[in-house]
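# Remarks on the overall topology
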Amino acid sequence: MMAGRADAGRQAQLEYSEFQAAMLDEEKRRRKAAKIVAVLGHFLGRDKDVLEGLTVADIGCSAGFIADELANAGAARTFGVDIDVPGLRKAAARFGERVEFVCADGTALPFPDGSVDVLVFNHIYEHVVDPDAIMAEMRRVLADDGVLYLGLGNRLGVMEPHYRLPFLSYLPPALADRYVRLFGRADSYYERYRTRRGLRKMVRGLRVWDYTFPVLATPAAFAGSELFPGAAGRAAQAVLARLPRAVLRALLPVVPTYLWVATKGTRRPAGPGLPQPPEPVRPL
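Anyway, here's the lowdown on the structure attached to this text. Remember, it's a predicted structure, so these values are computed and weren't measured experimentally.

In this structure, L119, F121, M138, L148, L150 and W260 are the most contacted members of the largest nonpolar core, which totals 45 residues. Discounting residues that sit within four places of it in the chain, L119 has contacts with A57, I59, M138, V141, L142, V147, L148 and Y149. Listed in part, the 26 residues of the second largest apolar core include F43, L70, Y149 and V215.

Quick look at the structure:
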């Protein structure tokens, strides 16, 4: 995962793929990538060759499965950026012919100003030391009409996704460390999540569209049909599709994950209408 500067008490998570097996779960990573590509396709108004002709970079790419899917979606040039050297070696060995993998700190991306059409920053910010510095750097390299995909975990999501312990991310660091040790999950709890309000501050200077409820309400349209398995899942999805938007907005503070698309300019979602359409997020 990418490095940063702000928190002197934390070190960057080098070799993350060596101790987080989920980064090497190819099937799961490719499912995530399919959802990312589908969201980008809707925003861009493209249903085939979604990234055709575009320069794309996956920031925090690790073993490269998502970057490979971005290349498969037609990107003219695809980069994978990380400080996870073992992950990058695995990625280059498998996908190096179609993806350019770069070992680089997220606070100093190796791209000129305004040179990248699409950036992907998917479930990375909680692992880095200074997410605000990385956000500023991504704004720098993003093209004026470019698009930034953000998968963002919420501190107030009840079940912490890495260690599967309820309310873990609610706790201050010292108590969180004791909690993960008590259940034998880890020696310490490294991740640092933000609330929705904190995330809105993090995207200051960008225009943001929220795809969280569009994906949940119409998962098949976004390669996310596994989100609601079985008859009960289909029933829950149908309810979500019909709920008044005011009710959904009331749930936003505790939604576990936000799916946002950000731009530097005035681009709007160009895809077809949805039962729960994407809405703008007001940065703070």
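Moving on from the model shown.
A few words now on helix α5 (residues 131-141). What α5 keeps buried is the set P131, A133, I134, M135, E137, M138 and V141. Looking at the buried side of α5, the elements it contacts are β1 (55-59), β4 (116-122), β5 (142-153) and α7 (196-202).

With four bridges joining them, strand β6 (residues 207-210) and strand β7 (residues 257-263) adopt antiparallel strand pairing. Bridge pairing in β7 links V208 to A262.

Once that is clear, we can look at the side chain of T55. In this fold, T55 is placed in strand β1. In this view, T55 contacts R77, F79, S115, V116, D117 and V118; residues no more than four positions away in its chain are not counted.

Counting buried positions over the seven residues of β7 gives six, a clear majority of the element. Of the strand pairs in this sheet, β5 and β7 are connected by six bridges, and their pairing is antiparallel. Its bridge partner being in β7, Y149 is matched across the sheet by V261.

As a further point, take the packing of helix α2 (residues 26-44) against helix α3 (residues 65-72). Look at α2 against α3: their axes get within 8 Å of each other, and the N-to-C directions meet at 45 degrees. By the angle between their axes, α2 is oblique relative to α3. Between α2 and α3 lies a crossing of right-handed hand. Touching E26, R29, R30, K32, A33, I36 and V37 of α2 are F65, I66, D68, E69, L70 and N72, all from α3.

A complete count under the given rule lists 14 salt bridges for this structure. Between R31 and E27 there is a salt bridge, with its nearest N and O atoms 3.3 Å apart. With R31 and E27 both in helix α2, this residue pair falls four residues apart, about one helical turn. Look at the salt bridges and you will find they share partners, linking E26, R30, D68, E69, R94 and R98 into a network.

Turning our attention to the sheet that holds β4. Judged by pairing direction, the sheet is mixed, and its eight strands sit side by side in the order β3-β2-β1-β4-β5-β7-β6-β8 without closing on themselves. Only two strands of the sheet have a single partner each, and these edge strands are β3 (100-103) and β8 (279-281). Averaged over all pairs of adjacent strands, the angle between their axes in this sheet comes to 25 degrees, without regard to strand direction. Direction of pairing for strand β2 (residues 77-82) relative to β3: parallel, over a ladder of four bridges. The partner of G80 across the bridge, within β3, is F101.

Definitions and limits used
Residues numbered from 1 in each chain as written. Predicted model: local features only at pLDDT ≥ 70, side-chain atom pairs only at ≥ 80, totals over all residues. Heavy atoms only, no water. Core = buried A, V, L, I, M, F, W, Y, C linked by side-chain atoms within 4.5 Å. Buried < 20%, exposed > 50% of the residue type's maximum accessible area, 1.4 Å probe, protein only. Contact = heavy atoms within 4.5 Å. Helix = DSSP H or I, 4+ residues; strand = E, 2+ residues; numbered from the N terminus. Pairing = 2+ DSSP bridges. Axes fitted to C-alpha atoms, helices over the stretch in contact; angles between N-to-C directions. Parallel < 35°, antiparallel > 145°, perpendicular 65-115°, else oblique. Left-handed = near helix turned anticlockwise from the far one by under 90°. Salt bridge = Lys/Arg side-chain N within 4 Å of Asp/Glu carboxyl O.

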